[in-house]
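Residue-level structure breakdown
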Amino acid sequence: AAVVCFLVLFHRFPDGRFGPGWARWVAPLAPLGQLLQTFLGLSVPAPARYLWFMVALGAPLAAQVHRYQRVSDPLQRQQTKVVVFGLVVGLGGVYWAYHL
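1. A closer look at the packing of aromatic side chains
- The tally for this structure, following the rule as stated, stands at zero aromatic pairs.
- A cation over a ring is seen here: Arg77 above Tyr68, with NZ or CZ 5.3 Å from the ring centre.

2. Focus: the packing of helix α3 (residues 29-39) against helix α4 (residues 46-71)
- Two elements in contact, α3 and α4, have axes whose closest approach is 9 Å; the angle formed by their N-to-C orientations is 145 degrees. Here α3 contributes Leu29, Ala30 and Gly33 to the contact with α4, which in turn contributes Trp52, Val55 and Ala56.
- Counted by class, the contact of α3 with α4 contains five nonpolar, one polar and no charged residues.

3. Observations regarding the pattern of salt bridges
- Within the structure shown, the criterion is met by two salt bridges.
- Residue Arg17 is joined to Asp15 by a salt bridge in which the shortest nitrogen-to-oxygen separation is 3.0 Å.
- Under the relative-accessibility criterion, Arg17 is labelled exposed at 55%.
- By relative accessible area, which is 25% here, Asp15 ends up partly exposed.
- In this structure, the salt-bridge partner of Asp15 is Arg67, at a minimum N-O distance of 2.6 Å. Remark: Arg67 occurs in helix α4 and Asp15 occurs in the loop between α1 (2-12) and α2 (23-26); sequence separation between them is 52 residues.
- For Arg67, a relative accessible area of 2% gives the class buried.
- Through salt bridges that share partners, Asp15, Arg17 and Arg67 make up one connected network.

Cut-offs applied
Residues numbered from 1 in each chain as written. Predicted model: local features only at pLDDT ≥ 70, side-chain atom pairs only at ≥ 80, totals over all residues. Heavy atoms only, no water. Phe/Tyr/Trp six-rings, centres within 6.5 Å; stacked < 30°, edge-to-face > 60°. Lys NZ or Arg CZ within 6 Å of the ring centre and 35° of its normal. Axes fitted to C-alpha atoms, helices over the stretch in contact; angles between N-to-C directions. Helix = DSSP H or I, 4+ residues; strand = E, 2+ residues; numbered from the N terminus. Contact = heavy atoms within 4.5 Å. Nonpolar A, V, L, I, M, F, W, Y, C, P; charged D, E, K, R; others polar. Salt bridge = Lys/Arg side-chain N within 4 Å of Asp/Glu carboxyl O. Buried < 20%, exposed > 50% of the residue type's maximum accessible area, 1.4 Å probe, protein only.

Pasting the structure below:
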């Protein structure tokens, strides 16, 4: 559930609106996939799961790149830099902790 919230939040960061127009149609894919898997117990083959994951992860990243390059003002760009730095440091710490 936390991953789904993170992905949907990432579509709307930093101003609470969807960046490109297509993002509002792609954002529900992650929660929909999680609901189908959790409540209906659907077993999806591994290749389809990986494809779903890549779309669910790639879409918010593409939306952020689009927003950073074309929509954001200087303050929003600075906020994006701080969040990306925090994510890189956090994920780097997790990687480092598990690979000692």
